[in-house]
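For reference, the chains in residue letters:
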Amino acid sequence: MRYAQAMARSAFCALLLACFPLAAQTAKRPFDVYALQRVQRVSDPQLSPDGTRVAFVVERVFLAENAKERQIWIVPVEGGEPTQATFQGKSNTRPRWSPDSQSIAYVSDRSGKSQIWVMHADGSQTRQITDLSTEADGVLFSPSGDRIVFQSRVYTKCGADDACNKRELEAAEADPVKAQLFDKLLYRHWDHWSDGRVSHLFSMALNQPEAGPIDLTPGEADAPTFSLGGPDDYAIAPDGGELCFVRKTVDRPELSTDTNLFVVPMTGGEPVKLTSNPAADLSPAYSPDGRYLSYRRQDRPGYESDRWRLIVLERDTGNARSITDAIDRSVTSAVWAPDSSRLFFITEDRGRQPVFTARPDGSSQRMVIYGNAVHDDLQIAPDVKSIVYTAQSGSRPVEIYRSMAEGGQPQALTSINAKLFDEFETTPLEDVEYAALDGVKISGFLLKPPAFDAQKRYPLLVLIHGGPQGAWGESWSYRWNPQVFAAAGYVVFLPNPRGSTGYGQAFTDEIRTDWERQALRRHPRRGGSRHRQTLGRRDTTLSRRERAMAAT
């Protein structure tokens, strides 16, 4: 018996020793900045017109080389392993399907400059379409499939004359004087200075590339206008006959938010102005039957943080109506159902982005996707029964999903980063609510370190969002990622004070003309009591709106 017990103890110890290295190997590591650079960035999913495949972009970071590489991938809608479709060049982006789902147009630098290419849906039979000295971007297929529309930054006096643009570029390169004189905005776009060129939209016949492109938006104004991101500001009509685009027309466009919609024939001609709203009109989208044109509108001129409403314009009558007035949230994007029966649109709400649907007249409005995530990049299946979209959260980066239009459990179409997050640990964001100095409830998020112990003390790191009318939310960041700070042992606090977006327009407006005091809620020295009472009444109204939103 003693021998048997000794043998059992020895076997148990041997089992512990055998399992311990395995446990050590499977324990997740802190998510540091090096892990962040290993995250593959999924973007721009595009559902094929026949509803069978999704093309998308994957970006990888090569830290040692200080370089990035973006390639196009394809995944079946019914599920399966994604396959890489492009390999040549370092930047292959913006996949757009031909109407017959057999080809994909995209932007590639494989020739040394960004140009438009077309390939077969499996990545074969590639051919270069444009060869412009000013490069090309933003490609769209026409509904007939025989033409494309694209963007290029050209000199106003040259337009579609590439020989002229080439001479101007070469002259600027050869000029020993590199100093420039700027007398208007915008003189710098992100990481490059303005060089005297403007963005124009061009049309080109695929079967006659030797004929060259047609400049659809000649002139000194950018078309589309400079954008901070979001949906395209141009769209082709379902019959392929015209292009709708966004442009500023005021005398000092750099100091105005006044953008309007125009239409121009695909073969060129004089643009016709569709809207005259003195504030911003953006993101045009035709209904597939051609009856309507939807777009996003702001009502207050000069105010970039005004609420974005979803407008439906009836083409025959010119009547336009907002279909989202009942929702006190900004619409970030919208897409038509293939049968034109409904619009699906996304709003910003308390750090999330739910998906709504409504009829063109605004009726039958309901929420179809919600959760602790930011949803985006909506694509509607041809039978209008399922939706393809991206989702992300504070603890997981963007992946592509599919769900039924009537609701239900989503299906992950991609898991590009699954192995990475099997190796590294992240923690979920927690909603927090606290009282400002005047008692108004303010929301935010809290992120705790892995293996958080409530009995211990931790350093607190407070991240202040920009804008200032912006917001922290259930989204993944490739720049100021709070998971990296939490893994280093910090408790991370991400407040959304007055002025933040996603909590109703009145809340966003609180800091208008007073960024510092209103955000911190430091009461004025004079009239403080009455000011607080006014704010209290306004906050009560806001709470009712928020309760109505939650009920919706």
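Calculation criteria
Every chain begins its residue count from 1, and numbering advances along the sequence as written. This being a predicted model, a pLDDT of at least 70 is required before a residue's local features are given, and a value of 80 or more before pairs of side-chain atoms are given or counted; all residues contribute to the totals for chains, interfaces and linings. Hydrogens are left out, water is left out, and the side-chain values use all remaining heavy atoms of the structure. Summary of the burial criterion: residues with accessible area below 20% of their type's maximum are buried, those above 50% are exposed, and those between are partly exposed, where the area comes from a 1.4 Å probe applied to protein chains only. In this description a helix means any DSSP run of H or I spanning at least four residues, a strand means any run of E spanning at least two, and both kinds are numbered starting from the N terminus. When DSSP locates at least two bridges between a pair of strands, those strands are taken to pair. Salt bridge, as applied in this entry: a Lys or Arg side-chain nitrogen positioned within 4 Å of an Asp or Glu carboxyl oxygen. Working definition: a ring pair exists when centres of Phe, Tyr or Trp rings (six-membered ring for Trp) sit within 6.5 Å. Plane angles under 30 degrees give stacked, over 60 give edge-to-face, the rest tilted. For patch building, the residue pool is restricted to those with more than 30% relative accessible area and no salt bridge; the joining distance is 9 Å between like charges and 5 Å between nonpolar side chains (Val, Leu, Ile, Met, Phe, Trp, Tyr). Accessible surface area values rest on a Shrake-Rupley calculation with a 1.4 Å probe, where residue burial reflects the displayed protein chains alone. Using protein atoms alone on a 1 Å grid, points that fit a 1.4 Å probe yet trap it form a cavity, whereas open point sets bounded by protein on both sides within 12 Å along at least five of seven lines form a pocket; residues with an atom within 4 Å of a point count as lining. Grid points are joined across faces, edges and corners, and a volume is the space filled by probe spheres set on the points. Put simply, Ala, Val, Leu, Ile, Met, Phe, Trp, Tyr, Cys and Pro go in the nonpolar bin, Asp, Glu, Lys and Arg in the charged bin, and everything else, Gly too, in the polar bin. How far a helix is expected to stretch is found by multiplying one less than its residue total by 1.5 Å. By the criterion applied in these results, polar contacts are pairs of N or O atoms within 3.5 Å in which, for protein atoms, one can donate a hydrogen and the other can accept it, and in which residues neighboring in sequence qualify only through two side-chain atoms. The disulfide definition used here is simple: a pair of cysteine sulfur atoms within 2.5 Å. As used throughout, the charge tally considers Lys and Arg to be positive and Asp and Glu to be negative, leaving His and the chain termini uncounted. It only takes one pair of heavy atoms within 4.5 Å for two residues to be counted as in contact. Per-residue confidence from the prediction method is given by pLDDT, with values spanning 0 to 100. Buried residues of nine kinds, namely Ala, Val, Leu, Ile, Met, Phe, Trp, Tyr and Cys, make up a nonpolar core once their side-chain atoms join them within 4.5 Å.

Peer 1: If you had to explain the pairing of strand S26 (residues 355–358) to someone new, which residues and values would you point to?
Peer 2: Side chains of S26 alternate between two faces, with Val355 and Thr357 and Phe356 and Ala358 buried alike. With 4 bridges joining them, strand S25 (residues 343–347) and S26 adopt antiparallel strand pairing. When the sheet's bridge partners are listed, Phe345 is paired in S26 with Phe356. Pairing analysis gives 3 bridges linking S26 to strand S27 (residues 366–369), with the strands arranged antiparallel. Bridge pairing in S27 places Phe356 opposite Met367.

Peer 1: Account for the pattern of salt bridges, naming residues and giving values.
Peer 2: Side chains that differ in sign of charge can pair as their charged atoms come close. Taken as a whole and assessed by the stated rule, the structure comprises 25 salt bridges. For Glu78, the salt bridge identified is with Arg402, shortest N-O distance 3.6 Å. Note that Glu78 is positioned in the loop between strand S4 (67–76) and strand S5 (83–84) and Arg402 in strand S30 (residues 399–404), a separation of 324 residues in sequence. Between Arg153 and Asp195 there is a salt bridge, and its shortest N-O distance comes to 2.9 Å. One end of the pair, Arg153, is in strand S11 (residues 147–155); the other, Asp195, is in the loop between strand S13 (192–193) and strand S14 (197–205), with 42 residues separating them in the sequence. On the basis of relative accessibility, which here comes to 28%, the residue Arg153 falls in the partly exposed class. Taking relative accessible area as the criterion, Asp195 reaches 27% and is therefore assigned partly exposed.

Peer 1: Break down the sheet that holds strand S31 (residues 411–412) for me, with residues and values.
Peer 2: Strand order in this open sheet of 4 strands is S28-S29-S30-S31, and the pairing throughout is antiparallel. Bordering the open sheet on either side are strand S28 (374–380) and S31, each of which pairs with just one other strand. Across 6 bridges, the pairing between strand S29 (residues 386–392) and S30 is antiparallel. From the neighbouring strand, Ile387 faces S30, where its bridge partner is Ser403.

Peer 1: Account for the packing of aromatic side chains, naming residues and giving values.
Peer 2: In the structure shown here, the tally under the stated rule is 15 aromatic pairs. Ring centres 6.2 Å apart and planes at 25 degrees place the aromatic pair Phe182 and Trp193 in the stacked group. Of the two residues, Phe182 is situated in the loop between helix H3 (162–174) and strand S12 (188–189) and Trp193 in strand S13; the sequence distance between them amounts to 11 residues. Residue Phe182 is classed as partly exposed on the basis of its relative accessible area, which comes to 32%.

Peer 1: Outline the sheet that holds strand S9 (residues 127–128), supporting the account with residue identities and numerical values.
Peer 2: Whether parallel or antiparallel, the strands of a sheet pair through hydrogen bonds between backbone atoms. Across the sheet, which stays open at both edges, the 4 strands sit in the order S6-S7-S8-S9 with antiparallel pairing between neighbours. Of all strands in the sheet, those bounded by a partner on one side alone are strand S6 (92–97) and S9. Where strand S8 (residues 115–120) meets S9, 2 bridges bridge the pair, whose relative direction is antiparallel. Of the residues in S9, the one forming a bridge with Val118 is Arg127.

Peer 1: Can you break down a nonpolar patch on the surface residue by residue, with the values?
Peer 2: A cluster of nonpolar side chains, Phe182, Leu185, Leu186, Tyr187, Trp190, Trp193, Phe226, Leu228 and Leu255, forms an exposed patch at the surface whose accessible area comes to about 990 Å². The topology assignment puts Leu185 in the loop between H3 and S12.

Peer 1: Requested: an account of empty space enclosed by the protein, with residues and values cited.
Peer 2: Throughout the structure, instances matching the rule amount to 1 cavity of 30 Å³ or more. As a volume, the largest cavity reaches approximately 30 Å³. For the largest cavity, the full set of lining residues is Leu132, Thr134, Val154, Gly159, Ala160, Asp162, Asn165, Phe202 and Pro213. Class assignment for the residues of the lining of the largest cavity results in 5 nonpolar, 3 polar and 1 charged.

Peer 1: Quick one: what's the story with H3, residue by residue and with numbers?
Peer 2: Relative to the 18 Å expected for 13 residues at 1.5 Å per residue, H3 spans 18 Å between its end C-alpha atoms, a close match to the ideal helical length. The N-cap residue of H3 is Asp161: its side-chain oxygen and the backbone nitrogen of Ala163 are 3.2 Å apart.

Peer 1: Can you tell me about the pairing of strand S7 (residues 103–108), naming the residues and giving the values?
Peer 2: S7 sits mainly inside the fold: 5 of its 6 residues count as buried. Across 4 bridges, the pairing between S6 and S7 is antiparallel. Its bridge partner lying in S7, Arg96 is registered against Ala105. Counted along the chain from S6 to the antiparallel partner S7, the turn is 5 residues long, and its residue Ser101 has a positive phi close to 65 degrees. In terms of strand pairing, S7 meets S8 through 6 bridges, oriented antiparallel. Paired with Val107 across the two strands is Ile116, which belongs to S8. Once S7 ends, the chain turns through 6 residues before running back antiparallel as S8, passing Gly112 with a positive phi of about 105 degrees.

Peer 1: Describe in detail the state of the cysteines, supporting the description with residues and values.
Peer 2: Summed over all chains, the structure comprises 1 disulfide. There is a disulfide in this structure between Cys158 and Cys164, and the S-S distance comes to 2.0 Å. Between Cys158 and Cys164, the disulfide has an S-S torsion of -55 degrees and is therefore left-handed. Across the pair, Cys164 and Cys158 agree in class, each one buried.

Peer 1: How would you sum up the side chain of Arg296? Please name residues and give values.
Peer 2: Position of Arg296 among the secondary structure elements: in strand S21 (residues 292–297). Put simply, Arg296 is tucked away with no salt bridge, and the nearest opposite charge, on Asp233, sits 5.8 Å away. Here the side chain of Arg296 touches Val331 through a polar contact of 3.0 Å, landing on its backbone oxygen. Not counting residues up to four positions away in its chain, the partners in contact with Arg296 are Pro231, Ala280, Asp281, Leu282, Ser283, Trp308, Arg309, Val331, Thr332 and Ser333.

Peer 1: Let's hear about the confidence of the model for the protein chain: which residues, and what values?
Peer 2: Across the protein chain, pLDDT averages 89, with 89% of residues at or above 70. Here residues 523–552 is modelled with pLDDT under 50, and outside its nearest four sequence neighbours on either side it reaches 30 contacts, counting other chains as well.

Peer 1: For the environment of Lys157, give the residues involved together with the corresponding values.
Peer 2: Assignment of secondary structure puts Lys157 in the loop between S11 and H3. Considered as a pair, Lys157 and Arg197 are 40 residues apart in the sequence and their alpha carbons are 9.6 Å apart. In this structure, Lys157 is in contact with Cys164 and Glu168, ignoring residues within four places of it in sequence.

Peer 1: Before we move on, could you go through the nonpolar core and cite the residues and values that matter?
Peer 2: Ranked by size, the top nonpolar core spans 15 residues in total, and within it Ile116, Ile129, Val139, Phe141, Ile148 and Phe150 carry the most contacts. Elements that contribute at least two residues to this core include exactly S7, S8, strand S10 (137–141), S11 and S14. Ranked by residues supplied to this core, first place goes to S11 with 3 residues. If sequence neighbours within four positions are ignored, Ile129 has contacts with Ile116, Trp117, Val118, Ile148, Met204, Leu206 and Pro209. One finds Ala237, Ala280, Trp308 and Ile311 within the second-largest nonpolar core, a separate group that totals 14 residues.

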